[in-house]
Amino acid sequence: MFFGGNLLSWSSKKQPTVSRSSTEFEYKSLANATAKLLWIQSLLRELGVFLSAAPILYCNNIGATYLTSNLAFHARTKCIEIDHHFVHDILVQKSLTVKFLSNKNQIADVLTKPLASTQVNSTDIFTDYFVYFSIGFQLKILSEIHHPHLLLLLGACLDHGCLVFEYMENGSLEDRLIRKNGTPPIPWFERYRIAWEVASALAFLHNSKPKPIIHRDLKPANILLDRNLVSKIGDVGLSMILHSDSCDTGPVGTLSYIDPEYQRTGSISPKSDVYAFGMIILQLLTAKPAIALPHIVETALSDGHLLEILDPEAGNWPIEETKELAELGLNCAELWRRDRPDLEEKVLPALERLKKVADRAQHSASRLRPSPPNHFICPIIKDVMDDPCVAADGYTYNRKAIEFWLEANNTSPMTNMPLLDKNLIPNYTLLSAIMEWKSRH
C-alpha cells in the first residue's frame, strides 16, 4: 500500500484451495480489496482527509481485470457470486481504477526492485487490509483524543503522506536539555512542571476506554515545547490500543527507553510507559544521555553526591525535593514491572506536590521577569496581540495574523474545522487588558 508517495506495506496470499479457475480466485480477491478500500476511504473522509485522485488497484490476472469492466464477461461467468459484481459500479462512478500488472512487476517485488515510474505514480494505492486498518485507526485515534498536553492533530495530506500538527516553537525536550543551537537552559522549576504535565497526559492515555492507549515510544525527542515551555507528547500515532496483558511479536520503541520486561517477553502494559517516564525524569534532572543513567543516579544518591550530577544550568535545585524526584524516577525505571509505582495512585500525587514547590519558585522569579498571560498570546504568531479579534470558531487571534490565514484557508487554525464565515469581531475587553499589562511592564 502506498500512502501518498510513501510505501507503507505490502502483502501477498497463496490460493488456499483449488478454485474452479484462477480468474475466479483472483477476481474474488480483487473484489474483497475493493470493499476494504471503500471502507478506508469512508473513514478518511470522516477525518476530513480526501484523495486527490481515484486510487488504482493492480491485478496480475488479465481475466479478472477484464471482468471488472466488461458486463458481457460477467454474464458468462456463472461461478462468481453476483454480490462480487459491484466492482463494475464502482468503476462507472470513477471512484476506482483497476489495471493489469504482469507477474514480472507484481506487488511483492516492490521491496526488492523498483517499479518503473510509468507503472506507478504517487497516487497509486495497493490495498492491504492490515495497513488500511492500522493507518485509518491511528488517524481516528489522533482525531478523537484531546488533552492539554497531547500534540494536536490539525490535518493530513495524502499527496505527501504526512500528518500536520500544531507548531511547537521551542522544539523537542531533547534539544532543549542539550541546549542545541545555543538555546537557553530550562529552569529547574519548569522541569518539575514538565514532569507533571507528561505524567498527566500519560494517565489520560492509559485511562482511555474501552482499552488503554500505550504510547510505546515515549522519550524526550517526542515531547515538544511551545513558546512558554508548556510540554505536549507527540508521536501518539505510533501507539497501540491494547489490553494490559497483550503480547507483540517484537519490541517497538527506542532502545534506552524500552521496558526491559517488554524486551524480554514481548508483553506490553501501561507500566511500559512508566519505565520510559522514569528515564525522562532522570534526564530532566541531569540533562545526561539515557544510557546507564539509572546506575549513575542511584550511585550518586547512595554516596550523597546527587548535587554533583544535577544539571548546573537549571539554577539552584531545592535539594530535598530534587532528591524525592530522583528517587521517584528510579522507582519508575525499575527493571521489573511489578516494582514500578502506579501512575495515578503514586506518581501523579508526588509530582503534584513537587509542582506546587515549582509554582512558588516560578512566581518569585516572574516578579523579576514577568511573562504575558497565555490568553494574551495569539495562537498563530505565538506573541502578544496588538489587535485581538474573535473569529467564527470562537478563538481570539491577532487581526493581521488571522486575516493572512483566511486569505488561503476556510478552516479554523485551531480546530481545522470549516468556518461558517470570515467575519472578525474586535475583542475590546482583551485589548484593554493587554494595554494595561503593557503599561505596567
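Our structure's up above, just so we're on the same page.
This is a predicted model, so every value here is computed, not measured. (Residues numbered from 1 in each chain as written. Predicted model: local features only at pLDDT ≥ 70, side-chain atom pairs only at ≥ 80, totals over all residues. Heavy atoms only, no water.)

Peer 1: Explain the pattern of salt bridges here, please?
Peer 2: Close approach of charged atoms lets side chains of opposite charge pair. Taken as a whole and judged by the stated rule, the model has 13 salt bridges. A salt bridge links Glu-313 to Arg-179; the shortest N-O distance between them is 3.2 Å. With Glu-313 in the loop between helix H11 (306-309) and helix H12 (319-332) and Arg-179 in the loop between helix H6 (173-177) and helix H7 (188-206), the pair connects residues that are 134 residues apart, well separated along the chain. Note that Arg-353 and Glu-324 form a salt bridge whose closest N and O atoms lie 3.2 Å from each other. A residue pair is termed long-range when its members are at least 10 positions apart, and Arg-353 in helix H13 (residues 343-366) and Glu-324 in helix H12 qualify at 29 residues. (Salt bridge = Lys/Arg side-chain N within 4 Å of Asp/Glu carboxyl O. Helix = DSSP H or I, 4+ residues; strand = E, 2+ residues; numbered from the N terminus.)

Peer 1: What exactly am I supposed to notice about unusual backbone geometry here?
Peer 2: With the exception of glycine, the majority of residues adopt a negative phi angle, and the majority of peptide bonds are in the trans configuration. One non-glycine residue with positive phi stands out, namely Arg-179, at about 55 degrees. A relative accessible area of 32% places Arg-179 in the partly exposed class. The residue Asn-181 is not glycine, and still its phi comes out positive at about 60 degrees. Among the structural elements, Asn-181 can be located in the loop between H6 and H7. (Buried < 20%, exposed > 50% of the residue type's maximum accessible area, 1.4 Å probe, protein only.)

Peer 1: Could you clarify how one ought to interpret the nonpolar core in this entry?
Peer 2: Generally speaking, nonpolar side chains in soluble globular proteins are found buried as a group. Within the largest apolar cluster, 60 residues are counted, with the highest numbers of intra-cluster contacts made by Leu-173, Leu-218, Phe-277 and Leu-351. For this core, the secondary-structure elements that each account for two or more residues are H6, H7, strand E8 (223-225), helix H9 (270-286), helix H10 (293-303), H11, H12 and H13. The residues touching Phe-277, leaving out its near neighbours within four places in the chain, are Ala-195, Val-198, Ala-199, Leu-202, Leu-218, Cys-332, Val-347 and Leu-351. Counting residues in each nonpolar core, the second largest holds 17 residues, with Ala-31, Leu-43, Cys-59 and Ala-64 among its members. (Core = buried A, V, L, I, M, F, W, Y, C linked by side-chain atoms within 4.5 Å. Contact = heavy atoms within 4.5 Å.)

Peer 1: Can you help me understand the packing of H10 against H12 in this one?
Peer 2: Packed helices, taken two at a time, are described by the angle between their axes plus the distance between the axes. It is the contact of H10 with H12, at a shortest axis distance of 10 Å, that shows an interaxial angle of 135 degrees. One element, H10, and the other, H12, form an angle in the oblique class. Viewed along their axes, H10 and H12 form a crossing whose handedness is left-handed. Contacts from Pro-294, Val-297, Glu-298 and Leu-301 of H10 reach H12 at Lys-323, Ala-326, Glu-327 and Leu-330. Residue classes in the contact of H10 with H12 are distributed as five nonpolar, no polar and three charged. (Axes fitted to C-alpha atoms, helices over the stretch in contact; angles between N-to-C directions. Parallel < 35°, antiparallel > 145°, perpendicular 65-115°, else oblique. Left-handed = near helix turned anticlockwise from the far one by under 90°. Nonpolar A, V, L, I, M, F, W, Y, C, P; charged D, E, K, R; others polar.)

Peer 1: Just to check I follow, could you spell out the packing of aromatic side chains for this structure?
Peer 2: Given two aromatic rings, one states the distance between the centres and the angle between the planes to describe the pair. Taken as a whole and assessed by the stated rule, the structure comprises four aromatic pairs. Ring geometry for Trp-188 versus Tyr-192: centroids 5.1 Å apart, planes at 75 degrees, classification edge-to-face. Of this pair, Trp-188 and Tyr-192 both sit in helix H7, separated by four residues, roughly a single helical turn. Look at Trp-188 and you get buried, because its relative accessible area is 10%. Residue Tyr-192 is classed as buried on the basis of its relative accessible area, which comes to 2%. Relative to Trp-437, the ring of Phe-376 has its centre 6.2 Å away and its plane inclined at 75 degrees; by these criteria the two rings are edge-to-face. Residue Phe-376 is located in the loop between H13 and strand E11 (388-390), and its partner Trp-437 is located in helix H15 (residues 428-440); the two are separated by 61 residues in the primary sequence. On the accessibility criterion, Phe-376 (4% relative accessible area) is buried. Among the residues examined, Trp-437 registers a relative accessible area of 15% and is labelled buried. Seen from the ring of Trp-196, Lys-355 lies directly overhead, with NZ or CZ sitting 4.9 Å from the centre. (Phe/Tyr/Trp six-rings, centres within 6.5 Å; stacked < 30°, edge-to-face > 60°. Lys NZ or Arg CZ within 6 Å of the ring centre and 35° of its normal.)

Peer 1: Explanation requested: the pairing of strand E3 (residues 56-59) in the structure shown.
Peer 2: Put simply, side chains in a regular strand alternate between the two faces of the sheet. The side-chain alternation of E3 yields two buried faces, one formed by Ile-56 and Tyr-58 and the other by Leu-57 and Cys-59. Two elements, E3 and strand E4 (residues 97-100), share four bridges in a ladder whose sense is parallel. Following the sheet pairing, Cys-59 is matched in E4 by Phe-100. (Pairing = 2+ DSSP bridges.)

Peer 1: What should I look at first to understand the sheet that holds E11 in this one?
Peer 2: Strand pairs in the sheet, formed through backbone hydrogen bonds, run parallel or antiparallel to each other. Strand order in this open sheet of three strands is E12-E11-E13, and the pairing throughout is antiparallel. Since the sheet does not close on itself, it has two edges, and those belong to strand E12 (396-398) and strand E13 (425-426), each with one partner. Where E11 meets E12, three bridges bridge the pair, whose relative direction is antiparallel. Paired with Pro-388 across the bridge in E12 is Asn-398. Packed onto the sheet, helix H14 (residues 399-408) meets E11, E12 and E13 and runs at close to 95 degrees relative to E12.

Peer 1: Looking at this structure, how should I read a nonpolar patch on the surface?
Peer 2: Taken together, the side chains of Ile-62, Tyr-66 and Phe-100 make up a nonpolar region of the molecular surface, amounting to roughly 290 Å² of accessible area. Tracing the sequence through the fold places Tyr-66 in helix H2 (residues 62-69). (Patch = residues over 30% accessible without salt bridge, like charges linked within 9 Å, V, L, I, M, F, W, Y side chains within 5 Å. Areas by Shrake-Rupley, 256 points an atom, 1.4 Å probe, with all protein chains shown as cover.)

Peer 1: Please explain the packing of H9 against H12 as it appears in this structure.
Peer 2: Where H9 contacts H12, the axes come no closer than 7 Å and their chain directions differ by 150 degrees. The orientation of H9 with respect to H12, classified from their angle, is roughly antiparallel. H9 and H12 meet at a crossing whose hand is left-handed. Contacts between H9 and H12 involve Val-274, Tyr-275, Phe-277, Gly-278, Ile-281, Leu-282 and Leu-285 on the former and, on the latter, Thr-322, Leu-325, Ala-326, Leu-328, Gly-329, Leu-330 and Cys-332.

Peer 1: For this particular structure, what's the right way to read the side chain of Gln-283?
Peer 2: Residue placement: Gln-283 occurs in helix H9. Beyond its immediate sequence surroundings of up to four residues, Gln-283 is in contact with Leu-177, Pro-220, Tyr-257, Lys-288, Pro-289, Ala-290 and Leu-293.

Peer 1: I'm lost on H7 in this one. Help?
Peer 2: Since one α-helical turn is 3.6 residues long, residues separated by three or four positions face the same way. Compared with an ideal rise of 1.5 Å per residue, which puts 19 residues at 27 Å, H7 spans 27 Å between its outermost C-alpha atoms and is within 8% of the ideal. In terms of residue burial, H7 counts as a mostly covered element, since 17 of its 19 residues are buried. (Expected span 1.5 Å × (residues − 1).)

Peer 1: What's the story with H10 in this structure? I'm lost.
Peer 2: Inspection of H10 places Leu-293, Val-297, Ala-300 and Leu-301 among the buried residues, and these make up the whole buried set. The arc that holds every buried residue of H10, seen down its axis, measures 100 degrees, which confines them to one face. Among the exposed residues of H10, those oriented more than 90 degrees off its buried face are His-295, Glu-298 and Ser-302. Buried positions along H10 lie against H9, H11 and H12. Gly-304, located one to two residues past H10, shows a positive phi value of around 75 degrees. (Arc of directions from axis to C-beta.)

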